Amino acid sequence: MQAMIKTMTDTATKGMVLGVLLVMLSVTLSSVPLDAQVTFVETVIPTTLPVGGSYTPTETIAGDWNQDGDIDIAFGWIGGLATVLANGVGYSSPTQYSGFGTESTVAMTQGDFNGDGIIDLVGGSNYTGYLMVRLGDGLGGFPTSTTFFSGSTCDSLATADVNLDGHLDIVSLTRLYNELSFLHGNGLGGFSPPQTLTLPIGGALLGVEDFTGDSFVDVLVFHSTAAQYTLLTNDGTGSFTTSAIPYIGGTTGVTTVVDVTGDGILDLVAAIPASIGCSCVQTYVGSGVGTFSAGPTSVATIPYAGSVVHGDFDADGHVDLAVNTDASVVLLFGDGLGAFPTEQVIPNFFGRTTATDVNGDARTDLLLSGPFGVHVWESRDDVEHRRGDCNLDGGVDIADPIHLLSFLFSGGGQPSCDDACDANDDGSMNLADAVSVLMALFGSPTVPLPAPGLTCGSDATIDAFACVSYSACP
(Lines give C-alpha, C1' and ligand atoms only; values in the text may rest on other atoms or scores of the structure.)
Protein backbone atom coordinates (compact mmCIF):
# COMPACT_ATOMS: atom_id res chain seq x y z
CA MET A 1 0.00 0.00 0.00
CA GLN A 2 2.81 2.43 0.88
CA ALA A 3 4.54 1.67 -2.45
CA MET A 4 1.25 2.30 -4.28
CA ILE A 5 0.74 5.64 -2.48
CA LYS A 6 4.35 6.62 -3.30
CA THR A 7 3.86 5.76 -6.98
CA MET A 8 0.64 7.76 -7.12
CA THR A 9 2.29 10.71 -5.40
CA ASP A 10 5.28 10.64 -7.79
CA THR A 11 2.97 10.42 -10.77
CA ALA A 12 0.86 13.32 -9.53
CA THR A 13 3.95 15.44 -8.90
CA LYS A 14 5.30 14.77 -12.40
CA GLY A 15 1.93 15.57 -13.93
CA MET A 16 1.61 18.78 -11.94
CA VAL A 17 5.09 19.95 -12.93
CA LEU A 18 4.47 19.16 -16.58
CA GLY A 19 1.01 20.72 -16.44
CA VAL A 20 2.30 23.96 -14.95
CA LEU A 21 5.04 24.20 -17.56
CA LEU A 22 2.65 23.44 -20.41
CA VAL A 23 0.26 26.15 -19.20
CA MET A 24 3.17 28.59 -18.96
CA LEU A 25 4.23 27.57 -22.45
CA SER A 26 0.90 28.76 -23.84
CA VAL A 27 2.03 32.35 -23.10
CA THR A 28 3.75 33.91 -26.13
CA LEU A 29 7.38 34.67 -25.35
CA SER A 30 10.28 35.81 -27.51
CA SER A 31 13.29 33.53 -27.68
CA VAL A 32 16.49 34.31 -25.84
CA PRO A 33 19.05 36.14 -28.06
CA LEU A 34 21.33 33.66 -29.81
CA ASP A 35 25.10 33.60 -29.75
CA ALA A 36 27.80 31.28 -31.08
CA GLN A 37 27.54 27.66 -32.36
CA VAL A 38 29.51 24.42 -32.10
CA THR A 39 30.05 23.79 -35.81
CA PHE A 40 28.53 26.73 -37.68
CA VAL A 41 26.47 29.70 -36.59
CA GLU A 42 23.94 30.60 -39.26
CA THR A 43 22.87 34.16 -40.10
CA VAL A 44 20.36 34.85 -42.85
CA ILE A 45 21.28 37.92 -44.92
CA PRO A 46 18.45 40.28 -45.96
CA THR A 47 18.20 40.06 -49.77
CA THR A 48 14.87 41.75 -50.58
CA LEU A 49 15.88 44.63 -52.83
CA PRO A 50 14.42 48.15 -52.72
CA VAL A 51 13.44 47.92 -56.41
CA GLY A 52 12.09 44.67 -57.77
CA GLY A 53 11.75 42.78 -54.49
CA SER A 54 13.26 39.33 -54.10
CA TYR A 55 15.63 37.68 -56.56
CA THR A 56 17.72 34.55 -56.37
CA PRO A 57 21.24 35.77 -55.47
CA THR A 58 24.02 34.55 -57.71
CA GLU A 59 27.68 35.06 -56.77
CA THR A 60 28.80 36.38 -53.36
CA ILE A 61 32.01 38.09 -52.26
CA ALA A 62 33.08 39.66 -48.97
CA GLY A 63 35.28 42.55 -47.85
CA ASP A 64 35.48 45.44 -45.40
CA TRP A 65 34.15 48.16 -47.67
CA ASN A 66 33.43 50.83 -45.04
CA GLN A 67 36.72 50.19 -43.21
CA ASP A 68 35.12 49.57 -39.80
CA GLY A 69 36.73 46.17 -39.18
CA ASP A 70 33.56 44.19 -39.96
CA ILE A 71 33.29 42.06 -43.10
CA ASP A 72 30.58 43.15 -45.52
CA ILE A 73 28.95 41.09 -48.28
CA ALA A 74 27.96 41.68 -51.90
CA PHE A 75 25.76 39.43 -54.02
CA GLY A 76 24.73 39.39 -57.65
CA TRP A 77 21.15 39.58 -58.88
CA ILE A 78 19.21 40.04 -62.14
CA GLY A 79 20.20 43.55 -63.16
CA GLY A 80 23.33 44.25 -61.14
CA LEU A 81 24.73 43.71 -57.66
CA ALA A 82 23.81 44.58 -54.08
CA THR A 83 25.72 45.06 -50.82
CA VAL A 84 24.90 44.55 -47.15
CA LEU A 85 27.11 46.10 -44.48
CA ALA A 86 28.00 44.27 -41.26
CA ASN A 87 27.51 46.21 -38.03
CA GLY A 88 28.89 43.82 -35.43
CA VAL A 89 25.51 42.30 -34.57
CA GLY A 90 23.99 41.70 -37.99
CA TYR A 91 23.70 43.18 -41.46
CA SER A 92 22.07 46.22 -43.01
CA SER A 93 19.32 46.11 -45.60
CA PRO A 94 20.68 45.76 -49.14
CA THR A 95 21.89 48.68 -51.19
CA GLN A 96 21.07 48.00 -54.82
CA TYR A 97 23.28 48.87 -57.81
CA SER A 98 21.78 48.46 -61.26
CA GLY A 99 23.56 48.39 -64.59
CA PHE A 100 22.82 45.17 -66.47
CA GLY A 101 19.13 45.55 -67.36
CA THR A 102 17.60 42.08 -67.36
CA GLU A 103 20.94 40.25 -67.30
CA SER A 104 22.29 38.51 -64.22
CA THR A 105 25.59 39.17 -62.50
CA VAL A 106 27.26 35.76 -62.72
CA ALA A 107 30.79 36.68 -61.64
CA MET A 108 32.24 39.23 -59.22
CA THR A 109 35.61 40.25 -57.88
CA GLN A 110 37.20 43.24 -56.16
CA GLY A 111 40.33 45.37 -55.97
CA ASP A 112 41.59 48.95 -55.82
CA PHE A 113 41.25 50.05 -59.44
CA ASN A 114 41.90 53.79 -59.04
CA GLY A 115 44.74 53.79 -56.51
CA ASP A 116 42.92 55.56 -53.68
CA GLY A 117 43.39 52.72 -51.17
CA ILE A 118 39.65 51.91 -51.20
CA ILE A 119 38.22 48.63 -52.46
CA ASP A 120 36.16 48.73 -55.66
CA LEU A 121 33.84 46.08 -57.11
CA VAL A 122 33.38 44.61 -60.57
CA GLY A 123 30.59 42.35 -61.77
CA GLY A 124 30.23 40.47 -65.06
CA SER A 125 26.97 39.86 -66.96
CA ASN A 126 25.95 36.49 -68.32
CA TYR A 127 24.98 37.25 -71.93
CA THR A 128 26.52 40.37 -73.45
CA GLY A 129 29.81 40.19 -71.52
CA TYR A 130 29.71 43.67 -70.06
CA LEU A 131 31.63 44.42 -66.87
CA MET A 132 30.27 46.92 -64.36
CA VAL A 133 33.04 48.58 -62.31
CA ARG A 134 31.76 50.34 -59.16
CA LEU A 135 34.29 52.57 -57.39
CA GLY A 136 34.08 52.52 -53.60
CA ASP A 137 33.77 55.64 -51.45
CA GLY A 138 35.31 54.12 -48.31
CA LEU A 139 32.01 54.41 -46.46
CA GLY A 140 30.52 51.20 -47.82
CA GLY A 141 28.98 52.76 -50.91
CA PHE A 142 29.87 52.31 -54.59
CA PRO A 143 28.35 55.39 -56.23
CA THR A 144 30.51 55.69 -59.35
CA SER A 145 29.85 53.20 -62.13
CA THR A 146 31.52 52.57 -65.48
CA THR A 147 30.73 49.77 -67.92
CA PHE A 148 33.36 48.00 -70.03
CA PHE A 149 33.02 45.30 -72.67
CA SER A 150 34.97 42.11 -71.91
CA GLY A 151 34.85 40.74 -75.46
CA SER A 152 32.24 38.02 -74.89
CA THR A 153 30.02 36.57 -72.19
CA CYS A 154 31.54 36.54 -68.72
CA ASP A 155 31.66 33.34 -66.66
CA SER A 156 34.65 33.94 -64.34
CA LEU A 157 36.57 37.01 -63.21
CA ALA A 158 39.87 37.71 -61.47
CA THR A 159 42.13 40.72 -60.90
CA ALA A 160 45.92 40.95 -61.01
CA ASP A 161 48.67 43.18 -62.40
CA VAL A 162 49.18 41.05 -65.49
CA ASN A 163 51.51 43.40 -67.44
CA LEU A 164 53.51 44.61 -64.41
CA ASP A 165 52.72 48.31 -64.85
CA GLY A 166 51.65 48.74 -61.23
CA HIS A 167 47.92 48.83 -62.00
CA LEU A 168 45.31 46.11 -61.47
CA ASP A 169 43.97 44.45 -64.60
CA ILE A 170 40.78 42.39 -65.04
CA VAL A 171 40.88 38.83 -66.38
CA SER A 172 37.61 37.49 -67.80
CA LEU A 173 36.85 34.03 -69.18
CA THR A 174 33.90 32.71 -71.15
CA ARG A 175 33.07 29.02 -71.55
CA LEU A 176 30.81 29.53 -74.57
CA TYR A 177 33.36 31.12 -76.90
CA ASN A 178 36.55 29.65 -75.38
CA GLU A 179 37.90 33.15 -74.86
CA LEU A 180 40.19 34.60 -72.19
CA SER A 181 40.17 38.41 -72.08
CA PHE A 182 42.55 40.85 -70.37
CA LEU A 183 41.42 44.43 -69.68
CA HIS A 184 44.46 46.43 -68.60
CA GLY A 185 43.85 49.03 -65.90
CA ASN A 186 45.13 52.60 -66.11
CA GLY A 187 45.22 53.12 -62.35
CA LEU A 188 42.40 55.70 -62.50
CA GLY A 189 39.47 53.28 -62.65
CA GLY A 190 39.53 52.87 -66.42
CA PHE A 191 40.41 49.85 -68.55
CA SER A 192 41.67 49.19 -72.05
CA PRO A 193 39.69 47.34 -74.71
CA PRO A 194 40.02 43.59 -74.16
CA GLN A 195 43.08 41.68 -75.27
CA THR A 196 41.59 38.30 -76.15
CA LEU A 197 43.15 34.85 -76.38
CA THR A 198 41.33 31.81 -77.77
CA LEU A 199 41.58 28.62 -75.69
CA PRO A 200 41.39 25.06 -77.05
CA ILE A 201 38.10 24.60 -75.21
CA GLY A 202 35.93 26.59 -72.80
CA GLY A 203 36.51 26.43 -69.07
CA ALA A 204 36.72 28.36 -65.81
CA LEU A 205 39.43 30.43 -64.19
CA LEU A 206 41.20 28.52 -61.43
CA GLY A 207 43.97 30.90 -60.53
CA VAL A 208 45.70 34.07 -61.65
CA GLU A 209 48.92 33.45 -59.76
CA ASP A 210 52.65 32.91 -60.21
CA PHE A 211 52.81 29.18 -60.98
CA THR A 212 56.33 29.20 -62.46
CA GLY A 213 58.35 31.03 -59.80
CA ASP A 214 59.42 33.97 -61.99
CA SER A 215 57.28 36.60 -60.17
CA PHE A 216 55.05 37.02 -63.25
CA VAL A 217 51.31 36.38 -62.99
CA ASP A 218 50.20 33.26 -64.90
CA VAL A 219 46.69 31.98 -65.59
CA LEU A 220 45.38 28.45 -64.96
CA VAL A 221 42.13 27.27 -66.57
CA PHE A 222 39.99 24.24 -65.72
CA HIS A 223 38.13 22.36 -68.50
CA SER A 224 35.24 20.10 -67.55
CA THR A 225 35.04 18.43 -70.97
CA ALA A 226 38.74 17.88 -71.69
CA ALA A 227 41.54 15.76 -70.22
CA GLN A 228 43.74 18.66 -69.18
CA TYR A 229 44.16 21.96 -67.41
CA THR A 230 45.54 24.80 -69.50
CA LEU A 231 48.41 26.87 -68.06
CA LEU A 232 49.13 30.23 -69.66
CA THR A 233 52.64 31.29 -68.69
CA ASN A 234 53.30 35.05 -68.61
CA ASP A 235 56.54 36.39 -70.09
CA GLY A 236 56.35 39.53 -67.93
CA THR A 237 54.78 41.78 -70.54
CA GLY A 238 51.29 40.30 -70.55
CA SER A 239 52.00 37.86 -73.39
CA PHE A 240 51.36 34.18 -72.71
CA THR A 241 52.61 30.74 -73.75
CA THR A 242 50.06 27.93 -73.49
CA SER A 243 50.81 24.46 -72.12
CA ALA A 244 48.70 21.49 -71.02
CA ILE A 245 48.62 19.80 -67.60
CA PRO A 246 47.11 16.32 -68.12
CA TYR A 247 44.48 15.13 -65.67
CA ILE A 248 45.67 12.33 -63.42
CA GLY A 249 43.78 9.19 -64.43
CA GLY A 250 42.33 10.98 -67.44
CA THR A 251 39.53 12.72 -65.56
CA THR A 252 39.08 15.36 -62.91
CA GLY A 253 36.47 17.49 -61.20
CA VAL A 254 36.03 21.03 -59.95
CA THR A 255 39.38 22.25 -58.70
CA THR A 256 40.84 24.77 -56.26
CA VAL A 257 44.35 26.26 -56.17
CA VAL A 258 46.07 26.32 -52.77
CA ASP A 259 49.30 25.33 -51.03
CA VAL A 260 48.11 22.20 -49.22
CA THR A 261 51.52 20.96 -48.06
CA GLY A 262 52.84 24.20 -46.53
CA ASP A 263 55.97 24.38 -48.70
CA GLY A 264 55.10 27.76 -50.19
CA ILE A 265 54.32 26.27 -53.62
CA LEU A 266 50.82 26.27 -55.10
CA ASP A 267 49.12 22.89 -55.54
CA LEU A 268 45.84 21.82 -57.14
CA VAL A 269 43.07 19.85 -55.43
CA ALA A 270 40.30 18.33 -57.55
CA ALA A 271 36.98 17.03 -56.22
CA ILE A 272 36.05 14.12 -58.51
CA PRO A 273 32.43 13.01 -58.09
CA ALA A 274 31.11 9.47 -58.28
CA SER A 275 29.10 10.50 -61.36
CA ILE A 276 32.30 10.68 -63.46
CA GLY A 277 35.00 8.94 -61.45
CA CYS A 278 36.33 7.87 -58.08
CA SER A 279 34.23 9.89 -55.57
CA CYS A 280 37.46 11.22 -54.19
CA VAL A 281 39.77 14.20 -53.84
CA GLN A 282 42.93 14.16 -55.97
CA THR A 283 45.87 16.36 -54.99
CA TYR A 284 48.27 17.65 -57.67
CA VAL A 285 51.55 18.64 -56.01
CA GLY A 286 53.09 21.74 -57.51
CA SER A 287 56.78 21.96 -58.43
CA GLY A 288 56.95 25.74 -58.42
CA VAL A 289 58.04 25.80 -62.07
CA GLY A 290 54.66 25.17 -63.73
CA THR A 291 54.39 21.40 -63.48
CA PHE A 292 52.40 19.15 -61.15
CA SER A 293 52.75 15.54 -60.00
CA ALA A 294 50.30 13.09 -58.48
CA GLY A 295 49.76 13.55 -54.77
CA PRO A 296 47.46 11.71 -52.33
CA THR A 297 44.01 10.50 -53.37
CA SER A 298 41.42 10.79 -50.59
CA VAL A 299 38.11 8.89 -50.76
CA ALA A 300 35.14 11.18 -50.03
CA THR A 301 31.33 11.26 -50.23
CA ILE A 302 30.96 13.27 -53.44
CA PRO A 303 28.03 12.07 -55.58
CA TYR A 304 28.20 15.29 -57.61
CA ALA A 305 30.52 18.29 -57.38
CA GLY A 306 29.30 21.75 -58.31
CA SER A 307 32.20 23.64 -56.75
CA VAL A 308 35.04 23.30 -54.27
CA VAL A 309 36.48 26.03 -52.05
CA HIS A 310 39.25 25.91 -49.47
CA GLY A 311 40.04 27.35 -46.04
CA ASP A 312 40.83 26.30 -42.49
CA PHE A 313 37.46 25.45 -40.99
CA ASP A 314 38.72 23.71 -37.84
CA ALA A 315 41.58 26.17 -37.11
CA ASP A 316 44.28 23.48 -36.98
CA GLY A 317 46.58 25.27 -39.43
CA HIS A 318 45.90 22.83 -42.30
CA VAL A 319 43.98 23.47 -45.50
CA ASP A 320 40.45 22.04 -45.57
CA LEU A 321 37.91 21.81 -48.42
CA ALA A 322 34.19 22.46 -48.78
CA VAL A 323 32.60 20.65 -51.73
CA ASN A 324 29.14 21.70 -52.87
CA THR A 325 27.30 18.60 -54.15
CA ASP A 326 24.03 20.46 -54.90
CA ALA A 327 22.42 18.37 -52.14
CA SER A 328 24.92 18.93 -49.32
CA VAL A 329 28.15 20.58 -48.31
CA VAL A 330 30.95 18.08 -47.70
CA LEU A 331 33.74 19.35 -45.47
CA LEU A 332 37.06 17.54 -45.96
CA PHE A 333 39.71 18.16 -43.31
CA GLY A 334 43.33 18.21 -44.44
CA ASP A 335 46.32 16.60 -42.73
CA GLY A 336 48.82 19.20 -43.94
CA LEU A 337 50.51 16.66 -46.23
CA GLY A 338 48.09 16.83 -49.14
CA ALA A 339 45.53 14.25 -47.98
CA PHE A 340 42.01 14.83 -46.64
CA PRO A 341 41.27 11.81 -44.45
CA THR A 342 38.28 13.12 -42.45
CA GLU A 343 34.95 14.39 -43.73
CA GLN A 344 31.73 15.89 -42.40
CA VAL A 345 28.59 15.91 -44.54
CA ILE A 346 26.12 18.76 -43.97
CA PRO A 347 22.88 17.72 -45.75
CA ASN A 348 20.01 19.63 -47.33
CA PHE A 349 21.87 22.38 -49.13
CA PHE A 350 22.05 23.42 -52.76
CA GLY A 351 23.35 26.64 -54.28
CA ARG A 352 26.72 28.42 -54.50
CA THR A 353 29.46 28.35 -51.88
CA THR A 354 32.09 30.99 -51.06
CA ALA A 355 34.79 30.62 -48.38
CA THR A 356 35.89 33.65 -46.36
CA ASP A 357 36.55 34.76 -42.78
CA VAL A 358 33.55 36.96 -41.99
CA ASN A 359 34.36 37.70 -38.34
CA GLY A 360 38.15 38.02 -38.21
CA ASP A 361 38.69 35.02 -35.91
CA ALA A 362 41.16 33.30 -38.29
CA ARG A 363 38.63 30.50 -38.96
CA THR A 364 37.19 30.10 -42.44
CA ASP A 365 33.44 30.63 -42.76
CA LEU A 366 31.03 29.94 -45.63
CA LEU A 367 28.69 32.14 -47.64
CA LEU A 368 25.87 30.13 -49.22
CA SER A 369 23.66 31.63 -51.93
CA GLY A 370 20.76 30.29 -53.93
CA PRO A 371 16.94 30.30 -54.12
CA PHE A 372 16.84 30.48 -50.30
CA GLY A 373 18.79 33.77 -50.28
CA VAL A 374 22.23 34.30 -48.73
CA HIS A 375 23.23 32.52 -45.53
CA VAL A 376 26.40 33.09 -43.52
CA TRP A 377 27.82 30.05 -41.72
CA GLU A 378 30.40 31.11 -39.14
CA SER A 379 32.74 28.30 -38.13
CA ARG A 380 33.05 27.48 -34.42
CA ASP A 381 34.84 24.93 -32.20
CA ASP A 382 33.00 21.63 -32.09
CA VAL A 383 32.54 21.36 -28.29
CA GLU A 384 31.03 18.08 -27.12
CA HIS A 385 28.20 18.28 -24.58
CA ARG A 386 25.14 16.47 -23.25
CA ARG A 387 21.79 17.61 -24.57
CA GLY A 388 19.68 19.00 -21.72
CA ASP A 389 22.54 19.57 -19.25
CA CYS A 390 21.83 23.27 -18.95
CA ASN A 391 23.63 23.72 -15.63
CA LEU A 392 26.74 21.96 -16.99
CA ASP A 393 27.16 19.59 -14.04
CA GLY A 394 27.67 16.52 -16.22
CA GLY A 395 24.23 15.00 -15.74
CA VAL A 396 20.67 15.65 -16.88
CA ASP A 397 18.14 15.93 -14.05
CA ILE A 398 15.42 18.17 -12.61
CA ALA A 399 18.02 20.83 -11.81
CA ASP A 400 18.52 21.55 -15.53
CA PRO A 401 15.02 22.83 -16.39
CA ILE A 402 15.11 24.82 -13.15
CA HIS A 403 18.40 26.39 -14.25
CA LEU A 404 16.92 27.24 -17.65
CA LEU A 405 13.79 28.78 -16.09
CA SER A 406 16.02 30.87 -13.84
CA PHE A 407 17.83 32.21 -16.90
CA LEU A 408 14.61 32.88 -18.79
CA PHE A 409 12.60 34.53 -16.03
CA SER A 410 14.77 35.36 -12.99
CA GLY A 411 17.86 37.03 -14.40
CA GLY A 412 20.08 33.97 -14.24
CA GLY A 413 23.41 34.03 -16.09
CA GLN A 414 23.76 33.38 -19.83
CA PRO A 415 24.49 29.67 -20.37
CA SER A 416 27.93 28.96 -21.81
CA CYS A 417 26.61 25.98 -23.80
CA ASP A 418 23.41 27.07 -25.51
CA ASP A 419 23.19 23.79 -27.42
CA ALA A 420 22.90 21.91 -24.11
CA CYS A 421 20.04 24.19 -22.99
CA ASP A 422 18.31 23.93 -26.40
CA ALA A 423 16.97 20.54 -25.36
CA ASN A 424 14.60 20.09 -28.32
CA ASP A 425 17.21 21.34 -30.84
CA ASP A 426 14.88 23.83 -32.52
CA GLY A 427 17.39 26.70 -32.57
CA SER A 428 15.75 28.69 -29.78
CA MET A 429 15.78 28.64 -26.01
CA ASN A 430 12.42 28.76 -24.22
CA LEU A 431 9.96 26.82 -22.06
CA ALA A 432 9.65 24.07 -24.64
CA ASP A 433 13.21 23.04 -23.78
CA ALA A 434 12.37 22.66 -20.10
CA VAL A 435 9.38 20.52 -21.09
CA SER A 436 11.58 18.38 -23.33
CA VAL A 437 13.97 17.64 -20.47
CA LEU A 438 11.08 16.74 -18.16
CA MET A 439 9.55 14.47 -20.80
CA ALA A 440 12.92 12.77 -21.27
CA LEU A 441 13.19 12.20 -17.51
CA PHE A 442 9.60 11.56 -16.41
CA GLY A 443 7.42 11.12 -19.50
CA SER A 444 5.29 8.02 -19.85
CA PRO A 445 6.80 6.88 -22.08
CA THR A 446 9.97 8.94 -21.93
CA VAL A 447 10.82 11.00 -25.02
CA PRO A 448 14.53 10.88 -25.96
CA LEU A 449 16.34 14.15 -26.49
CA PRO A 450 17.82 14.88 -29.96
CA ALA A 451 21.45 14.01 -30.66
CA PRO A 452 23.80 13.92 -28.91
CA GLY A 453 21.20 13.02 -26.28
CA LEU A 454 22.34 12.19 -22.75
CA THR A 455 25.80 11.06 -23.88
CA CYS A 456 28.71 13.29 -24.86
CA GLY A 457 28.65 14.35 -28.50
CA SER A 458 28.26 17.20 -30.95
CA ASP A 459 25.30 19.08 -32.36
CA ALA A 460 25.28 18.63 -36.15
CA THR A 461 22.30 20.98 -36.65
CA ILE A 462 23.14 24.24 -38.45
CA ASP A 463 21.38 26.96 -36.48
CA ALA A 464 22.32 30.10 -34.56
CA PHE A 465 23.31 28.38 -31.31
CA ALA A 466 26.69 27.51 -29.81
CA CYS A 467 28.50 25.59 -27.16
CA VAL A 468 31.27 27.92 -26.09
CA SER A 469 32.48 25.70 -23.27
CA TYR A 470 31.47 22.44 -21.60
CA SER A 471 33.93 20.77 -19.25
CA ALA A 472 31.83 17.74 -18.29
CA CYS A 473 32.76 15.74 -21.37
CA PRO A 474 36.22 14.15 -21.63
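Provided above is the structure to which this section pertains.
Residues numbered from 1 in each chain as written. Predicted model: local features only at pLDDT ≥ 70, side-chain atom pairs only at ≥ 80, totals over all residues. Heavy atoms only, no water.

A. Looking closely at the layout of surface pockets. Considered as a void within the structure, the second largest pocket measures approximately 290 Å³ in volume. In this structure, the second largest pocket is lined by 14 residues; those nearest its centre are Gly88, Val89, Gly90, Tyr91 and Glu378. When its residues are assigned to classes, the lining of the second largest pocket shows 6 nonpolar, 6 polar and 2 charged. (1 Å grid on protein atoms, 1.4 Å probe; cavity = no way out; pocket = protein on both sides within 12 Å on 5 of 7 lines; lining within 4 Å. Points joined across faces, edges and corners; volume = space filled by probe spheres on them. Nonpolar A, V, L, I, M, F, W, Y, C, P; charged D, E, K, R; others polar.)

B. Geometry of the sheet that holds strand S28 (residues 373–379). Strand order in the open sheet formed by 4 strands is S1-S28-S27-S26, with antiparallel pairing between adjacent strands. The outermost strands of the open sheet, each flanked by one partner alone, are strand S1 (40–45) and strand S26 (352–356). Pairs of neighbouring strands in the sheet enclose a mean axial angle of 20°, with direction left out of account. Here S1 pairs with S28 via 6 bridges, running antiparallel. Within the sheet, the bridge partner assigned to Ile45 lies in S28 and is Val374. (Pairing = 2+ DSSP bridges. Helix = DSSP H or I, 4+ residues; strand = E, 2+ residues; numbered from the N terminus. Axes fitted to C-alpha atoms, helices over the stretch in contact; angles between N-to-C directions.)

C. Helix H4 (residues 431–442), seen in detail. Over its 12 residues, H4 extends 16 Å from the first C-alpha to the last, a length consistent with the 16 Å expected when each residue adds 1.5 Å. Among the 12 residues of H4, 9 are classified as buried, and the element is accordingly described as predominantly covered. Residues of H4 that are buried: Leu431, Ala432, Asp433, Ala434, Val435, Ser436, Val437, Leu438 and Ala440. (Expected span 1.5 Å × (residues − 1). Buried < 20%, exposed > 50% of the residue type's maximum accessible area, 1.4 Å probe, protein only.)

D. Spotlight on helix H2 (residues 399–409). When we look at burial in H2, the residues that qualify are Asp400, Pro401, Leu404 and Phe407. The arc enclosing the buried residues of H2, seen along the axis, measures out at 120°, which places them on a common side. Backbone geometry just after H2 places Gly411 at a positive phi near 80°. (Arc of directions from axis to C-beta.)

Function cannot be read off these values alone, since they describe shape.
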